[in-house]
Structure formats: C-alpha cells, structure tokens
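The residues making up each chain are set out below.
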Amino acid sequence: MKKLWGGRFTKSAEEWVDEFGASISFDQELVKEDLEGSIAHVTMLSANGIIGEEDAAKIKQGLKALQEKADKDELSYSVKLEDIHLNLESALTDIVGPVGGKLHTARSRNDQVATDMHLYLKKQVKLIIELIEEMQTALVEQAEANVETVMPGYTHLQRAQPISFGHHLMAYFWMLQRDKERFTESVKRINISPLGAGALAGTTFPIDRYQTAELLGFDGIYENSLDAVSDRDFILEFLSSSSMLMMHLSRLSEEFILWSSQEFQFIELDDSFATGSSIMPQKKNPDMAELIRGKTGRVYGNMMGLLTVLKGLPLAYNKDMQEDKEGMFDTVKTVIGSLKIFAGMIKTMKVKDEQMEKATKNDFSNATELADYLSGKGVPFREAHEIVGKLVLACVQKGCYLGDLPIEEYKEVNTLFENEIYKVLDPYTAVERRNSAGGTGFAQVKLAINKAKSLLKSEEHAV
C-alpha cells in the first residue's frame with residue numbers, strides 16, 4: 001500500500017525512520033475497537049447517501065470477516081503500514097477490492113484513533129470496576145470472619161491501640177469504594193464520541209455524528225471538532241484514578257509483607273502467591289505483594305509521562321500524541337493483574353488470630369484505656385494522660401506491663417483506680433468498648449460489614 005500522503009513527497013523515508021514512527025507494535029491492541037468504529041462509520045455513510053448501499057454492504061462484509069480473524073488472532077500486521085488503521089484498511093481492500101478505500105470517506109485517522117481509545121477504555125474501566133468489587137467482596141468475607149480477632153493498631157508503625165482485624169480490613173474496603181466511584185464517574189467523560197470530527201475541522205460530507213455515537217453506545221458527541229481529536233483528558237483521568245487505586249493496593253501490599261514476616265506472624269499467604277529462594281531453603285517470600293507494590297511506580301510513571309507529553313501541545317492533533325497509548329495499555333494490564341492477584345491473596349490467606357491477640361498483651365497499646373477510665377471518673381484528660389504516662393514509665397523501668405502492676409501501686413498514683421481496671425485493660429474489652437460510629441468496636445464493625453454488603457448488592461443490581 002502506498003503512503004496516503006505520497007503525492008506530496010519526492011522520496012520515501014528510510015526503513016528505520018518508518019519503524020521509529022510506526023505504532024502498529026502496540027496499537028494493534030485496538031483492533032476490535034477499530035473494526036467496531038469502522039462498521040458504525042460505514043453504516044452511517046450508507047444511511048446518509050454518502051456511499052451506495054451495495055458498496056456499504058460489501059465493506060461491512062469485509063469488516064466482519066476481519067472481526068472473525070481478529071477473534072481468532074489470525075491477523076498479521078506490517079510496520080510499513082504504520083498503524084492499526086492502515087493495516088486494517090489494507091486487509092479490507094485485500095478482501096473487497098478498491099471499494100474498501102471508500103470506508104475512509106469523511107473520516108481521519110485523528111478522529112478514528114480517538115474513537116478507538118474511547119471504546120477501549122469504556123470496556124476496560126467496566127472490567128476494572130467489576131474486579132474492584134471482587135476484591136471488596138474478598139475483604140468483606142475475611143472481615144466478617146475476623147470481627148472479634150484483636151490485633152495491635154499502629155501509628156508511626158508503633159503499637160498504638162488494639163483494634164479489630166476486621167475493622168482494619170474494612171478500611172481498605174472503603175478506600176476501594178472511593179476508587180470505584182472515581183472510575184464510575186469517569187465513564188461519562190469516556191463515553192463521548194469524537195467520530196466525525198475529521199482531522200480537526202469536521203467535514204463537508206452530510207454525516208450524522210449522533211447516529212454513529214448511538215451505534216457505538218456513546219452517550220453523546222464532542223461539541224468541538226478541535227477538542228474531539230486533541231482531548232486526552234479521559235486517559236489522564238483514567239491514569240490518575242489508576243494511580244490512586246494502585247497506591248491503595250501498595251499500602252495493603254506493605255501490610256501483607258509486614259504481617260507475613262517472622263517478626264509479625266499475623267498472617268500466612270497461600271503458597272500460590274509466594275515464592276522461595278534459590279539458596280535459602282526456609283524462605284517463603286511474599287513476591288506477589290512486593291510486585292504489586294513495585295508496579296505502582298510504573299502506573300505513576302505512565303500518568304506523569306502523558307501529562308508531560310500533553311503540556312506543551314498546541315491544538316489540534318500532534319504526532320506526540322501517539323505516546324498516549326503504551327502507558328494506557330500498560331496501566332490497564334497492571335491494574336487488572338494486580339486486582340486479580342489481590343482478591344486471590346485475601347481469599348486464601350491464613351489469619352493467625354492467636355499471634356495477633358498475643359501481640360496486644362505484650363505492649364502498652366491499652367494505655368489510652370486507663371486515661372479514658374480516669375477521664376470518665378472526672379479527671380481532666382490531660383491530667384489523666386500524665387498519670388498514665390508515669391505508670392507506663394514505671395512499667396518500663398520494672399520490665400513489666402500495665403496489667404502486671406498490683407492495684408496498690410495504681411492507688412498510690414490515684415485513689416480513683418479500682419480492681420475493674422484489669423478488665424478495662426484487657427485488649428478484647430478495649431476494642432469492644434470503642435463503639436463510636438465508624439469505630440473498631442465489634443458492633444460497629446458488624447454494622448460496617450452489613451452496610452458494605454448492601455452496597456455491593458445494590459451496585460450489582462444497578463449494573
């Protein structure tokens with residue numbers, strides 16, 4: 001196939017220059033979307049008398065034959081034909097003859113590729129939302145099984161207060177819920193049709209952009225042809241939402257890595273999501289969690305890369321915008337893989353509840369309970385805080401914990417202390433009593449789990 005712009009040039013580019021400028025090595029990912037867009041386009045051309053019905057039928061037949069080949073992964077591509085659009089046009093012409101050249105009437109590769117990416121992201125975002133829900137379901141199931149599993153809660157990676165393990169897991173449910181909402185809200189900006197905007201200025205042909213938008217399942221069209229072919233905000237928004245999602249997955253990865261270590265021993269990951277060492281027989285490494293933590297960086301990089309590409313571009317289309325696809329494809333693959341892996345890790349992990357509970361009894365994370373106890377008896381909280389701080393210091397100096405001190409020593413510090421403090425100091429009691437809305441109290445965790453279940457069920461029916 002000759003270059004579409006060959007008439008203007010006196011010589012061809014060298015082969016290595018063609019290879020540098022070609023995008024077919026990665027934009028073949030858009031083959032199904034490109035064919036969908038072409039079928040809608042030729043349907044519209046025929047309906048509006050721009051090409052004859054017979055020619056349109058022949059072109060459609062050829063496009064459907066290409067769809068069948070694409071489904072079977074039987075299409076081959078050439079760097080000489082640059083991109084997915086020219087490769088498919090060449091393949092179409094091989095099937096239907098010169099009439100295949102009429103398909104590009106009233107269309108540019110600029111609006112064509114933009115349409116492809118809108119169609120592609122719409123499908124991928126729908127899948128990502130479904131996978132987020134799968135991971136949320138796994139979190140809810142583990143949280144429900146561990147409502148009364150008590151563990152140390154941390155701030156600054158120092159033991160702070162005992163909490164419910166179910167409560168800890170549910171924190172990530174709500175993070176994922178916000179991620180899901182961001183992806184869901186982005187669909188209205190993805191689901192807009194640029195098709196018919198042409199290269200940048202529209203077309204003289206009497207096309208019906210609303211018809212192609214409807215055929216492709218779009219909610220509407222871009223109102224400005226320049227904006228239609230140059231907008232990549234919808235990809236940036238996807239990359240931004242993906243970056244926040246991966247940040248949340250990375251944080252949970254870090255927790256899994258810590259919790260499964262010999263130092264913590266709070267959980268054990270299933271063998272399916274761990275690897276060994278080539279030299280140390282005893283090792284069981286949380287490699288999948290580490291990989292997700294590491295892959296977060298590449299998703300951030302993809303977002304920063306596209307922001308940098310776009311920041312200095314004048315309207316409308318520029319060749320720089322060819323750099324919008326690889327980062328998008330890579331992010332889709334990374335996010336989908338990470339969500340699938342994480343759902344599996346959560347479902348199959350073994351929770352070591354006895355080890356968690358043991359950890360809450362060998363620290364001072366119950367100190368706040370004593371301060372609250374005194375405060376409840378009328379002692380100003382700041383004064384209560386100081387009293388308990390001195391008791392903690394005394395324990396540190398003696399090499400014991402608050403529960404080990406005899407009641408006499410407590411009364412020496414403040415006569416308001418009674419024997420009931422030993423129950424107050426119990427980690428289980430400490431967690432159970434924190435019944436404020438959204439707190440770690442068992443009743444509150446159960447309420448949160450029931451709310452999450454209802455939310456997932458309602459969203460399932462909405463889809």
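Note: the structure precedes this text.
Residues numbered from 1 in each chain as written. Predicted model: local features only at pLDDT ≥ 70, side-chain atom pairs only at ≥ 80, totals over all residues. Heavy atoms only, no water.

1. Regarding the state of the cysteines
Under the convention used in this document: Here, the term disulfide refers to a pair of cysteine sulfur atoms separated by no more than 2.5 Å. Three exposure classes are used, based on accessible area relative to the maximum for each residue type with a 1.4 Å probe and protein chains only: buried under 20%, partly exposed in between, and exposed over 50%.
What the rule picks out here adds up to zero disulfides. Between cysteine 395, a free cysteine, and cysteine 400, which holds the nearest cysteine sulfur, the sulfur-to-sulfur gap is 4.0 Å. Judged by relative accessible area, cysteine 395 falls into the buried class, the value being 0%.

2. Examining empty space enclosed by the protein
Convention followed: Cavities and pockets are found on a 1 Å grid laid over the protein atoms alone: a cavity is a set of points where a 1.4 Å probe fits but cannot escape, a pocket is an open set with protein on both sides within 12 Å along at least five of seven lines, and a lining residue has an atom within 4 Å of such a point. Grid points are joined across faces, edges and corners, and a volume is the space filled by probe spheres set on the points. Numbering of helices and strands runs from the N terminus; a helix is a DSSP stretch of H or I covering at least four residues, while a strand is a stretch of E covering at least two.
Considering all chains together, one arrives at two cavities of 30 Å³ or more under this definition. In this structure, the largest cavity encloses a volume near 80 Å³. Those elements giving two or more residues to the lining of the largest cavity turn out to be helix H3 (31-47), helix H5 (84-96) and helix H6 (109-145). In terms of residues, the lining of the largest cavity owes the most to one element, H5, which gives five residues. Approximately 30 Å³ is the volume attributed to the second largest cavity.

3. Comments concerning the pairing of strand S2 (residues 158-164)
Test applied: By the convention used here, strands pair only if DSSP detects at least 2 bridges between them.
Taken together, the five bridges between strand S1 (residues 150-155) and S2 define a ladder with antiparallel strand orientation. Directly across from valine 150, in S2, lies its bridge partner serine 164. The antiparallel hairpin formed by S1 and S2 contains two residues in its connecting segment, where histidine 156 sits at a positive phi of about 55 degrees.

4. So, helix H11 (residues 287-310)
Short version of the rule: Here the expected span of a helix is defined as 1.5 Å times the quantity of residues minus one. What makes two residues a contact is simply this: any of their non-hydrogen atoms within 4.5 Å.
Along its 24 residues, H11 runs 35 Å from first to last C-alpha, staying within 8% of the 34 Å computed at 1.5 Å per residue. Those residues of H11 that sit buried are Ala289, Ile292, Thr296, Val299, Asn302, Met303, Leu306 and Leu310. Residues of H11 that are buried sit in contact with helix H10 (233-259) and helix H12 (325-348).

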